[in-house]
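Here are the chains, one letter per residue:
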Amino acid sequence: MIRLTINDREISVPENTTVLEAARMHGIGIPTLCNHPKLTASGGCRMCIVEITGIPRPMTSCTTPAADGMVVITSTPEIEELRKLVLELIISDHPNDCMTCEATGDCDLQELAYAYGVQGVEYAGEKRFYPERDGNPFIERDLAKCILCGRCVKVCNEVQGVDAIDFGYRGFKSKISTSYEEDLDCEFCGQCIAVCPTGALRGKQWARKGRYRDIEQVDTICPYCGTGCNITAQVKQNEIIRITSKPGTWNEGWLCVKGRFGYQFVNSPERLTKPLIRRDVQFEAVTWDEAVAYAAGKLQAIRKKHGADAIGGLSSARCTNEENYLFQKFMRAAVGTNNVDHCARL
Ligand code: SF4
Ligand code: SF4
Ligand code: SF4
Ligand code: FES
């Protein structure tokens, strides 16, 4: 273990921990923009600078390894002035479109601008302007709101292994780009949206569906496959308007295209909402009690006439473990057969 002092607090952290990670482990806040806890650090934005005794200049805490005996101060008037300057420079080249931006209320840049009282009028000058929008079906890429933090590039490379995007050009013309600036044509996992700290990346299908503050968050499990990723349905007026996943879940907040974007069927008016029983050729809507009694009567009749092993049950890999457990329990204990299988046997 390494022992160091942050803001007069002596703390111990494991080897190979950065100063930022050490602070986070002990609940000490340091503002960040380009850093994401699950991606490699690049030290690009300079918001996380701290003072370290014996080093004559501020150091980026996200790229500085913690060392035995290190003494760190996370906030001094000089450090705060520098952080404010960084924000002023970033926001001087930003649309400041918070009134209509989909990210309002869920934007790290907006939060920091508020905390530091930065309006973006300090350094008037040329602004980047990108009239062309991407023609892909899922992801809105508004590069004027991009702060070039690189999180999207890293998640696409380090987590998804796709490398669909990278930094293009140099200097003021730098931008996140696909090869030859073609429309994004990738796995559309949406991980880049999940890690973007601004409104530069958003899902097309949730545009104008609701402000962050109006949304109720409902934790649930993705219905698509047996992996069973934890998801959070963002619900407004009883309608799911987007799907996210929390970083602390077993799938670490990562989702695939189906889990993140394939949720509209839930809101479809064509979904079955009541059980149906076929009477001759017509289906008739019945109550759940009637449907269960009907199915139980049919199963009992088959078991009486042909024995329990004349019945088999097929469950689904799209059910949760708990649902599949209950299903096999029902087949074995209630029906009396081991004839249980599922639709995903390969
Ligand atoms: S990205 Fe953030 S700071 Fe920029 S306009 Fe949208 S909400 Fe405002
Ligand atoms: S949607 Fe996924 S694959 Fe496509 S650019 Fe974003 S992270 Fe990469
Ligand atoms: S699009 Fe978002 S995540 Fe990617 S570099 Fe720009 S601000 Fe960062
Ligand atoms: S968070 Fe450390 S430099 Fe951006």
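Residues numbered from 1 in each chain as written. Chains lettered and ligands numbered in written order. Predicted model: local features only at pLDDT ≥ 70, side-chain atom pairs only at ≥ 80, totals over all residues. Heavy atoms only, no water.

1. Concerning unusual backbone geometry
No. 1: In the Ramachandran plot, L148 falls in the positive-phi region, its phi being about 55° despite a non-glycine side chain.
No. 2: If you trace the backbone, L148 turns up in the loop between β6 (139–141) and α4 (151–159). (Helix = DSSP H or I, 4+ residues; strand = E, 2+ residues; numbered from the N terminus.)

2. Description of the domain arrangement of the chain
No. 1: Along its sequence, the chain is organised into domain 1 (2–75), domain 2 (211–271) and domain 3 (276–342).
No. 2: Each of domain 1 and domain 2 has a C-alpha centre, and these two points are 34 Å apart. (Domains from an automatic or database assignment.)

3. Quick notes on the site of ligand 3
No. 1: The immediate surroundings of ligand 3 are formed by 13 residues, with C146, C149, G150, C152 and C196 found nearest.
No. 2: Looking at the shell around ligand 3, its residues break down into 10 nonpolar, 2 polar and 1 charged. (Near = heavy atom within 4 Å. Nonpolar A, V, L, I, M, F, W, Y, C, P; charged D, E, K, R; others polar.)

4. So, the site of ligand 2
No. 1: In the region of ligand 2, the neighbouring residues are I139, C156, V162, A164, I165, L184, C186, E187, F188, C189, G190 and C192.
No. 2: Considering only residue class, the shell around ligand 2 consists of 10 nonpolar, 1 polar and 1 charged.

5. So, the state of the cysteines
No. 1: Using the criterion set out here, one finds 0 disulfides in the structure.
No. 2: Between C222, a free cysteine, and C256, which holds the nearest cysteine sulfur, the sulfur-to-sulfur gap is 6.2 Å. (Disulfide = S-S within 2.5 Å.)

6. Considerations on helix α2 (residues 77–92)
Residues three or four positions apart in an α-helix share a direction because the helix packs 3.6 residues into each turn.
No. 1: With 16 residues, α2 extends 22 Å from end C-alpha to end C-alpha; this agrees with the ideal 22 Å at 1.5 Å per step.
No. 2: Considered for burial, the residues of α2 that qualify are I79, R83, V86, L87, E88, I90, I91 and S92.
No. 3: Looking at the buried side of α2, the elements it contacts are β3 (49–52) and α3 (108–116). (Expected span 1.5 Å × (residues − 1). Buried < 20%, exposed > 50% of the residue type's maximum accessible area, 1.4 Å probe, protein only. Contact = heavy atoms within 4.5 Å.)

7. What about the nonpolar core?
No. 1: Counting 33 residues, the largest nonpolar core has I139, C152, L201 and I243 as its most contacted members.
No. 2: Of all elements in the fold, only α4, α5 (191–195), β11 (230–236) and β12 (239–244) reach the threshold of two or more residues within this core.
No. 3: Dropping the residues within four chain positions of it, C152 is found in contact with I165, I176, C192, V195 and L201.
No. 4: Core analysis: the second largest hydrophobic core is formed by 19 residues, I6, A66, M70 and V72 among them. (Core = buried A, V, L, I, M, F, W, Y, C linked by side-chain atoms within 4.5 Å.)

8. Quick look at α4
No. 1: Buried residues of α4: R151, C152, V153, K154, V155 and C156, and no others.
No. 2: Contact partners of the buried residues in α4: α3, β7 (166–168), β8 (175–177), α5 and β9 (201–203).
No. 3: After α4 finishes, the residue G161 shows a positive phi value of roughly 70°.

9. Brief notes about the pairing of strand β1 (residues 2–6)
No. 1: Judged by how many residues are buried, β1 sits mostly within the fold: 4 of 5 residues are covered.
No. 2: Between the end of β1 and the start of strand β2 (residues 9–13), which pair antiparallel, lie 2 residues, with N7 showing a positive phi angle near 50°.
No. 3: Note that β1 and strand β5 (residues 71–73) share 2 bridges and pair parallel. Looking across to β5, one finds that T5 is bridged to V71. (Pairing = 2+ DSSP bridges.)

10. As for the side chain of D93
No. 1: Tracing the backbone shows D93 in the loop between α2 and α3.
No. 2: Here the side chain of D93 touches R128 through a polar contact of 2.6 Å, side chain to side chain.
No. 3: Setting aside residues no more than four positions away along its own chain, D93 makes contact with E126, K127, R128, A144 and F172. (Polar contact = N/O pair within 3.5 Å; in protein donor to acceptor, adjacent residues only side chain to side chain.)

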